[in-house]
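# Understanding the architecture of this molecule
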Amino acid sequence: MQSTLSKTRLRVALLSAVTAAGLVLTAGAAQAQSAPKAEAPKAEAPKTDVPAPGAELKAPVIAVIDVQKIMQESNASKGITKSFESLRDSYQKEISALEDKLRKNEDELRKQQTVLSPEALATKRRDFEKQVADVQKTVQTRKRALETSLNEAMAVVHKTMVEVVADISRERGANLVLARQQFVLVDTQLDVTDMVMERVNKKLPQVALNVPKQ
């Protein structure tokens, strides 16, 4: 029985590690992964006529945008990050309280192992194992809910950015839009990041972080 309780204590320790690693998730890190489960919308390629064989191709008109800056520094993105971190901290407190309760129950079970019958002790041990499993499930559920809600909210920002970029490209007559991260130096006349940022902030000032009720 002592060996069984040792294994149980190990599970509690592992649970604490899972909680720390699972819920201490920053919005910035999740944004860098950019919606691993909810794929961000892709910009539609501009509709152009297929040139006839031998016809001269149009010279490229280039625009450059810092996608990462828009996705991290737009007003909507900052609001999402703030909401995410607040909710994450709330979940962390909830999980910490459940862990404290588990540790107290574990201590009580250890004290009773010398006075309870083997059958009664086995029953209490099974009950405690179920409590541990329930808390583990809660940790994973909260983590998935946070990740999903963050990805969905950031996908809205991304979609709006793509729409704004498409509008600006038509206005400028651009037929090629490139990501700023791909280049070391870019002529400022080609960079439309500030223009995109301004319009995204106006078009999408905020996005709610919709986390399903648990």
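On a predicted model such as this, the values are computed, not experimentally measured, just so you know.

### A word on helix α5 (residues 118-172)
The end-to-end C-alpha separation of α5 is 80 Å, in line with the 81 Å expected for 55 residues at 1.5 Å each. Gly173 lies just past α5 and shows a positive phi near 70 degrees.

### Some words on the pattern of salt bridges
Two side chains that carry opposite charge are able to pair once their charged atoms sit near each other. Enumeration over the complete set of coordinates arrives at 11 salt bridges. Here Asp194 and Lys69 are joined by a salt bridge, their closest N and O atoms 3.9 Å apart. Of this pair, Asp194 sits in helix α6 (residues 193-203) while Lys69 is found in helix α3 (residues 67-73), placing the two residues 125 residues apart along the sequence. A salt bridge links Lys143 to Glu147, with the nearest nitrogen and oxygen atoms 2.8 Å apart. A residue pair is termed a helical-turn pair when its members lie 3 or 4 positions apart in one helix, as Lys143 and Glu147 do in helix α5 at 4 residues. A network of salt bridges, in which partner residues are shared, links Lys159, Glu163 and Lys203.

### Regarding the confidence of the model for the protein
Per-residue confidence for the protein gives a mean pLDDT of 79, with 73% of residues at or over 70. Ranking the elements of the protein by mean pLDDT puts helix α1 (residues 2-23) last with 44 and α6 first with 96. In this model residues 1-25 is a low-confidence stretch, pLDDT under 50, and it forms 52 contacts with partners more than four residues away in sequence or in other chains. Confidence drops under a pLDDT of 50 for residues 32-48, and excluding neighbours within four residues, the segment shows 14 contacts in the predicted structure.

### Description of the environment of Glu147
On the basis of relative accessible area, Glu147 is assigned to the buried category, the value being 18%. Along the sequence, Glu147 and Phe84 sit 63 residues apart, while their C-alpha atoms lie 9.2 Å from each other. Here Lys143 takes part through its side chain, which lies 2.8 Å from a polar atom of the side chain of Glu147.

Rules and cut-offs
- Residue positions are given per chain, counting from 1 as you read along its sequence in written order.
- Totals for whole chains, interfaces and linings use every residue, but because this is a predicted model, local features are given only for residues with pLDDT of at least 70 and side-chain atom pairs only at 80 or more, for both listing and counting.
- Note that water and hydrogens are dropped before the side-chain values are worked out from all heavy atoms of the structure.
- In DSSP terms, a helix is any run of H or I states spanning at least four residues, a strand is any run of E spanning at least two, and both are numbered starting from the N terminus.
- Expected helix span is taken as 1.5 Å per residue step, with the number of steps being one fewer than the number of residues.
- Throughout this description, the term salt bridge denotes a Lys or Arg side-chain nitrogen within 4 Å of a carboxyl oxygen of Asp or Glu.
- For every residue, the predictor assigns a confidence score, pLDDT, that lies between 0 and 100.
- In what follows, residue pairs with any heavy atoms lying within 4.5 Å of each other are defined as contacts.
- Partly exposed residues are those whose accessible area sits between 20% and 50% of the maximum for their type, while under 20% is buried and over 50% is exposed, using a 1.4 Å probe and protein chains only.
- For the purposes of these results, a polar contact is taken to be a pair of N or O atoms within 3.5 Å, where, inside protein, one atom must be able to donate a hydrogen and its partner to accept one; residues adjacent in sequence count only when each atom of the pair is a side-chain atom.

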